[in-house]
Amino acid sequence: MKKIRMLGLLLLSLASAPAFAQAPMAGPAATHRPPTGEDREAYITRLMRQMTLDEKIGQLRLVSVDAGPDAHKDVLIRDIEAGKVGGIFNTVTRPDIRLLQDAAVRSRLKIPLFFAYDVLHGHRTIFPIGLGLASTWNLDAVALSGRISAIEASGDGLNMTFSPMVDISRDPRWGRNSEGFGEDTYLVSRIGATLVHAYQGADPAAPGNILAAVKHFALYGAIEGGRDYNTVDMSPQRMFQDYLPPYKAAIDAGAAGVMISLNAINGVPATANKWLLQDVLRKQWGFKGVTISDHGAIMEMIKHGVAADGADASRLAITAGADLSMSDTMYGQNLKPLLQAGRIKQADIDRAVRDVLRVKYDLGLFQNAYRHVGVAADDPPDTNAESRLHRQAAREVARESLVLLKNDNQTLPLKKQGTIAVVGALAKSQRDMMGNWSAAGVPGQVVSLYQGLADAVGDKATLLYARGANVVDDPEIVKYLNLYEKDIEDDPRTRQQMIDEAVETAKKADVVVAVVGETQGMAHEASSRSDITLLGGQEDLLKALKATGKPLVVVLMNGRPLALGWEKDNADAMLEAWFAGTEGGHAVADVLFGDVNPSGKLPMTFPRSVGQIPMYYNHLNTGRPFDPQHPDKYTSRYFDAPNGPLFPFGYGLSYTTFDVSDVKLSAASVRMGGTVRASVTVRNSGQRDGATVVQLYLQDPVASISRPVKELKGFQKVVLKAGEQKEVSFTIKQDDLSFYNNDLKRVVEPGRFNVYIGLDSENVKAADFELRAAKGEGKAKGG
């Protein structure tokens, strides 16, 4: 953790210095340079008075540039020169960005473009996927990943990222779990706010900073059945209690943009939802930035069944408050005729244009259209040069993202000696180690798991390799996953042939490291699964390896919680590696060989089977709750399987052990508005130095509405030497006890509160205190 903090301070100092000489704006482009003393709103008002209707509508178009040779780039350039484009995404090199900005500078009013990209967990240096970052439970590590992402993206001329993705998800079937930070409102909110600060810095116009557009607003992670693009039907109370707070946290942190989700909410697509985009976002939360439709979402409202045609869809979107139309032609084709027909107002268009121009003003683009991209003379000779990566930071963060799920008989750490069999189709994959949405990352620069192990052992041990099984061998699934890009390359041998080879390899080894899970494309947008077990014969492979009698270490590469009942019962050790990024192979090796003691904790509950979904730790109780100590028949339970999770939220082991004392409270009773200090002593009772995450949970057991069995309200990652102990304290404030009542009012109700502190959501120590009404107030709940 100290290394991560030092790296962060170093990067902050680097970011404060200009990355390159800023190019002066050439010739007439300075026409709209904000004069000294003129504030933003006055400048934008003056500029808008000079804009034609067509130029205003052009500012509302966010156009995608396809990768590779583009036969239509000349058409795009003509549109830009005509003032018909406001922003660009999917262009990630300085020469290409400069070419398009040159076209904007040639337009009548010289209004610059802004350039955006999906920089979710790294730009050129790839960090662990969202679930991996969340598994660090270390906001310094999260901030470091965001800071480097911003420095690298800004260095390529980009101005904005469509990140952080803060959708709460409690359904592992959803492929986009990999992008987010898990199931818990508090944890996701803290991470989202941290990333916004890391991306934007104190001044988004400064070199090394980019703007953040939080997504997907709203409730995208709650889609029915975990099926991507599906609908959401949810009470407003649950929205405000569980699902909306992470978006608000990002906005409170200063996020300049909001990407609107593709799903409908209670029958109304988010892109057409005035209540969501105006009443909640603008009026209640005070958001002043730009809203962005998701890709093609305006046109999709026709298929949602709320718009008759493109014009109708455009009317709904612009009047609801969707400023930028991403990658469709709806606004360009329809806003002008809609205005002429009186179906929308000029004020609808002007409001959206002002939001877009504010972003460009805050980026400093009116002062210098080339502020981020610089001059051609300063372009790197090699865009993908090794010197542009931040490998040390990527390795440090990836180490903390790894979660030790099981370690019987001290199977881990491994010794750097003897013969080690490495088995699995994912073991040598560089592309899969990056994970999805890997921005400008280059697979050839990624350290695979096998390479990481090989680098670690050198000539001290012998590594043997066998593929063992395909990740997927169903031809229809392979065809689907390879539809747009080559995600899977199957070995043509039969399942049994590959297993036989792996068994023979294992027999020659002292220990087997089996690398199994999913390809990155299996945990991606449009990659929802109805089955969350291992596919492609991987479980058959593990059973065959187990039968050899050799110690079996299972390393998981995946972008969602998986159902791993057999694996938990039979593996000697299990390590959750997620998709760990550019330095993932080295990070996994560091942990497997004990050079680093694992400290990651799960940000999502792992169910035993898909039939338990949704399963999450902070559920409400029922009138007949299941009690594992007294498993009565007439309780809320399944009768055909063990109840409870396979691995609970917040869970993660270490190579050492930690003891937690009973909870001490600073007061047994406190009046409304007061605070309570809750403390425990944590002791490293093992033989190795290590780190763990101490977690604070609260419960309001009697309230005006049913409250969760516990809710995360604080966490601290502590590093302890063997035998060392430390007091860890949390200050419980009134806001930690608040909730939305049945009238959607944020309230704190007097009464008794339970305090739980431990090392995961189940392994906790308990205490309680009483919150008394303020003097002169009634004692009734909600009073």
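Not measured: the values here are computed from a predicted model. (Residues numbered from 1 in each chain as written. Predicted model: local features only at pLDDT ≥ 70, side-chain atom pairs only at ≥ 80, totals over all residues. Heavy atoms only, no water.)

**Considerations on the side chain of Ser-761**
So, point 1. Here Ser-761 lies in the loop between strand E26 (751-758) and strand E27 (764-772).
So, point 2. A relative accessible area of 3% means that Ser-761 is categorised as buried.
So, point 3. Here Phe-649 takes part through its backbone oxygen, which lies 2.7 Å from a polar atom of the side chain of Ser-761.
So, point 4. When neighbours within four sequence positions are excluded, Ser-761 is seen to be in contact with Tyr-617, Pro-648, Phe-649, Gln-695, Tyr-697 and Lys-710. (Helix = DSSP H or I, 4+ residues; strand = E, 2+ residues; numbered from the N terminus. Buried < 20%, exposed > 50% of the residue type's maximum accessible area, 1.4 Å probe, protein only. Polar contact = N/O pair within 3.5 Å; in protein donor to acceptor, adjacent residues only side chain to side chain. Contact = heavy atoms within 4.5 Å.)

**Details of the side chain of Asp-487**
So, point 1. Looking at the secondary structure, you find Asp-487 in the loop between helix H19 (475-481) and helix H20 (495-507).
So, point 2. Although Asp-487 is buried, it makes no salt bridge; Arg-431 carries the closest opposite charge, 6.3 Å away.
So, point 3. In terms of polar contacts, Asp-487 uses its side chain to reach the side chain of Thr-519, at 2.6 Å.
So, point 4. Among the polar contacts listed, one links the side chain of Asp-487 to the backbone nitrogen of Gly-521, at a separation of 3.1 Å. (Lys, Arg positive; Asp, Glu negative; His and termini not counted. Salt bridge = Lys/Arg side-chain N within 4 Å of Asp/Glu carboxyl O.)

**Structural notes on the nonpolar core**
So, point 1. Ranked by internal contacts, the top residues of the largest apolar core, which has 128 residues, are Ile-88, Met-160, Phe-162 and Phe-217.
So, point 2. For Phe-162, the residues in contact, after removing those within four places along its chain, are Leu-62, Phe-89, Ala-116, Tyr-117, Asp-118, Leu-120, Ala-213, Lys-215, Met-259, Ile-292 and Met-326.
So, point 3. Counting residues in hydrophobic clusters, the runner-up holds 85 residues, among them Leu-404, Leu-414, Met-574 and Tyr-655. (Core = buried A, V, L, I, M, F, W, Y, C linked by side-chain atoms within 4.5 Å.)

**Here's the deal with unusual backbone geometry**
So, point 1. Ser-163 connects to Pro-164 through a cis peptide bond whose omega is 5°.
So, point 2. The residue Pro-164 is located in the loop between strand E4 (160-161) and helix H8 (185-200) in this model.
So, point 3. Here Ile-613 and Pro-614 are connected by a cis peptide whose omega angle stands at 0°.

**Quick notes on the pattern of salt bridges**
So, point 1. Tallied over the entire structure, the rule returns 52 salt bridges.
So, point 2. Close ionic contact of Asp-540 with Arg-495 constitutes a salt bridge, the shortest N to O distance being 3.2 Å. Of this pair, Asp-540 sits in helix H21 (residues 538-547) while Arg-495 sits in helix H20, and the two are 45 residues apart along the sequence.
So, point 3. Given the relative accessible area of 37%, Asp-540 is considered partly exposed.
So, point 4. Its salt-bridge partner being Asp-659, residue Arg-683 comes within 2.9 Å of it at the nearest N-O pair. In this pair, Arg-683 is assigned in strand E20 (residues 676-684) and Asp-659 in strand E17 (residues 658-660), connecting sequence segments 24 residues apart.
So, point 5. Residue class for Asp-659 comes out partly exposed when judged on its relative accessible area of 33%.

**Quick word on the domain arrangement of the chain**
So, point 1. Segmentation of the chain into domains returns domain 1 (43-363), domain 2 (391-612) and domain 3 (658-772).
So, point 2. Placing a centre on the C-alpha atoms of domain 1 and another on those of domain 2 gives a separation of 34 Å.
So, point 3. With 43 residues of domain 1 in contact, the opposing surface of domain 2 contributes 40 residues.
So, point 4. In this assembly, domain 1 packs against domain 2 so that about 3200 Å² is buried in total across both faces, 60% of it on carbon and sulfur atoms.
So, point 5. Area buried by domain 1 at its contact with domain 2 is led by Ile-126, Pro-172 and Arg-173, which between them contribute 19% of it.
So, point 6. Joining domain 1 to domain 2, the criterion identifies one salt bridge. (Domains from an automatic or database assignment. Buried area = accessible area lost by both parts, 1.4 Å probe.)

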